[in-house]
Protein chains: 2
Amino acid sequence: MLNVNEYFDGQVKSIGFENNEGQVTAGVMAPGEYEFGTSQNELMKVVSGELIVKLPNESDFSNYPAGTEFRVAAGAKFQLKVEQATAYICIYS
Amino acid sequence: MLNVNEYFDGQVKSIGFENNEGQVTAGVMAPGEYEFGTSQNELMKVVSGELIVKLPNESDFSNYPAGTEFRVAAGAKFQLKVEQATAYICIYS
């Protein structure tokens, strides 16, 4: 079962599924600035492009290019700047 | 511009975009068996799950788990077996 979702007027689109990593979404963000809130713990892996991220409790943005990852705990908010279309997967726990 | 496409009655869904890697699709395949044809050269990177692939000119299937990649030249066909939902990105050239 593959569930397509859209956020931010279609600037972020994702495909949700489950496999041996658990509940996962594979998505793409178009260039823009976004704030996301988490309801579960999230492990975000950047697979193409780059996310520029201000994590909860951090005061500055950091660059996460393809091949890197970051974690956000449940019940938090984080800000993203996206300068080129960027693909990611998000693994929930 | 993020373009969602569906193949094989929705068993494969992908999101197309362009960034500094060129023309890319990020997709997910539900469990099943598929044959794809290529119109361009494709670099396929498995990002979650596993693809079991019979490449053109090969007689056997090989396993490509998350973190691995394979290439298919333009104008070829390749077969896939998917045992768990699997996310990939495909970079065209």
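Before reading further, recall that the structure is shown in the block above.
Just so you know, these numbers come straight off a predicted model, no measurement behind them. (Residues numbered from 1 in each chain as written. Chains lettered and ligands numbered in written order. Predicted model: local features only at pLDDT ≥ 70, side-chain atom pairs only at ≥ 80, totals over all residues. Heavy atoms only, no water.)

A. Main features of the nonpolar core. Counting 64 residues, the largest nonpolar core has A:M29, A:F70, B:M29 and B:F70 as the members making the most contacts within it. Every residue in contact with B:F70, bar those within four places of it in the chain, is listed here: B:E42, B:L43, B:M44, B:L51, B:V53, B:L55, B:Y64, B:F78 and B:L80. (Core = buried A, V, L, I, M, F, W, Y, C linked by side-chain atoms within 4.5 Å. Buried < 20%, exposed > 50% of the residue type's maximum accessible area, 1.4 Å probe, protein only. Contact = heavy atoms within 4.5 Å.)

B. Just the sheet that holds strand β7 (residues 62-65) of chain A, in detail. All names here are of chain A. Taken together, four strands build an open sheet; the order of strands is β4-β9-β6-β7 and the sheet is antiparallel. Looking along the sheet, the strands with just one partner apiece sit at the ends: β4 (32-37) and β7. Taken over all neighbouring pairs, the strand axes of this sheet differ in orientation by 30 degrees on average, direction set aside. Taken together, the three bridges between strand β6 (residues 50-54) and strand β9 (residues 77-82) define a ladder with antiparallel strand orientation. Paired with I52 across the bridge in β9 is K81. (Pairing = 2+ DSSP bridges. Helix = DSSP H or I, 4+ residues; strand = E, 2+ residues; numbered from the N terminus. Axes fitted to C-alpha atoms, helices over the stretch in contact; angles between N-to-C directions.)

C. View of the packing of aromatic side chains. Across all of its chains, the model carries 12 aromatic pairs over all chains by this definition. Centroid distance A:F70 to A:F78: 6.0 Å. Interplanar angle 70 degrees. Geometry classified as edge-to-face. On the basis of an interplanar angle of 50 degrees and a centroid distance of 4.9 Å, the ring pair of B:Y64 and B:F70 is categorised as tilted. Summarising the burial analysis for this pair, B:Y64 and B:F70 share the class buried. One aromatic cluster in this structure is built from A:F8, A:Y34, A:F36, A:Y64, A:F70 and A:F78. Here A:K81 stacks its cationic end above the ring of A:F61, 4.3 Å away from the centre of that ring. (Phe/Tyr/Trp six-rings, centres within 6.5 Å; stacked < 30°, edge-to-face > 60°. Lys NZ or Arg CZ within 6 Å of the ring centre and 35° of its normal.)

D. Spotlight on the pattern of salt bridges. All names here are of chain B. Scanning the entire structure with this criterion turns up two salt bridges over all chains. For E6, the salt bridge goes to K13, with nearest N and O atoms at 3.7 Å. You can call K13 buried: its relative accessible area is 12%. (Salt bridge = Lys/Arg side-chain N within 4 Å of Asp/Glu carboxyl O.)

E. View of the interface of chain A and chain B. The interface is formed by 25 residues belonging to chain A together with 25 residues belonging to chain B. Roughly 1,900 Å² of surface becomes buried between chain A and chain B when both sides are summed, with 66% attributable to carbon and sulfur atoms. Seen at the junction of chain A and chain B, the total is zero salt bridges. The interface formed by chain A and chain B contains 10 residue pairs in polar contact (both at pLDDT 80 or more). (Buried area = accessible area lost by both parts, 1.4 Å probe. Polar contact = N/O pair within 3.5 Å; in protein donor to acceptor, adjacent residues only side chain to side chain.)

F. Inspection of the relation of the copies chain A and chain B at higher detail. The transform that puts chain A on chain B rotates by 180 degrees and translates by 0.0 Å along the axis, for an RMSD of 0.0 Å. Put plainly, the chains are arranged around a two-fold axis. Of all interface residues in chain A, 100% are interface residues in chain B too; the two copies therefore contact each other through one and the same surface. (Least-squares fit on C-alpha atoms with pLDDT ≥ 70 in both.)

G. Inspection of the side chain of B:K13 at higher detail. Relative to the helices and strands, B:K13 resides in strand β2 (residues 12-19). Setting aside residues up to four positions removed in sequence, B:K13 forms contacts with A:L2, A:V4, A:I15, B:N5, B:E6, B:A26, B:G27, B:V28 and B:Y88.

H. Up close: unusual backbone geometry. One non-glycine residue, A:N57, adopts positive backbone phi at about 75 degrees. Secondary-structure assignment places A:N57 in the loop between β6 and β7.

I. Up close: the environment of A:I15. Secondary-structure assignment places A:I15 in strand β2 (residues 12-19). Assessed through its relative accessible area of 0%, A:I15 is described here as buried. Separated by 11 residues in sequence, A:I15 and A:A26 have C-alpha atoms that sit 5.2 Å apart. Each residue touching A:I15, except ones within four places of it in the same chain, is listed here: A:L2, A:N3, A:V4, A:V24, A:T25, A:A26, B:K13, B:S14, B:I15, B:A26, B:G27 and B:V28.

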